[in-house]
Amino acid sequence: MSWDSGYQVPWRSLRQQRVAGVKAATRAVVAGRTDRVYVARDANGRLIKGLLDLCESLGVEVVQVDTMKELGEYCGLRVGAAACAEIKKIEHKG
């Protein structure tokens, strides 16, 4: 799998519509609620391997972020995060 090194992360939108953590990101991918997952470069490879494999098999874009601390901060957390999924906007028909 190749990492997208030139991608600019839209942090403002990420703060509003995201789920943080490997389990939550995995659930979002399985449910088809995300097109993009962010993974910290310094995250434990064994911890995120299943998520990366799932993203690859389902065609979900994976963007690498430098550190867990940085990803956690941008997700609005006071702790680091190994992974984060950007949730698709749901359009309501009214």
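Residues numbered from 1 in each chain as written. Predicted model: local features only at pLDDT ≥ 70, side-chain atom pairs only at ≥ 80, totals over all residues. Heavy atoms only, no water.

With respect to the sheet that holds strand 1 (residues 18–20)
Then, in step 1: Spatial strand order, 1-4-2-3: four strands in an open sheet with mixed pairing. Each of the sheet's edge strands pairs with one partner strand only, and the pair in question is strand 1 and strand 3 (61–65). Taking the axes of each pair of neighbouring strands and ignoring which way they run, one obtains an average angle of 20° across the sheet.
Then, in step 2: Taken together, the five bridges between strand 2 (residues 34–40) and strand 4 (residues 83–87) define a ladder with antiparallel strand orientation. Bridge pairing links V37 to A85 in strand 4.
Then, in step 3: Each of strand 1, strand 2 and strand 4 is contacted by helix 2 (residues 22–30), which is oriented at about 35° to strand 4, the strand it contacts most.
Then, in step 4: Lying over the sheet, helix 3 (residues 45–58) contacts strand 2, strand 3 and strand 4, oriented at roughly 150° with respect to strand 2. (Pairing = 2+ DSSP bridges. Helix = DSSP H or I, 4+ residues; strand = E, 2+ residues; numbered from the N terminus. Axes fitted to C-alpha atoms, helices over the stretch in contact; angles between N-to-C directions. Contact = heavy atoms within 4.5 Å.)

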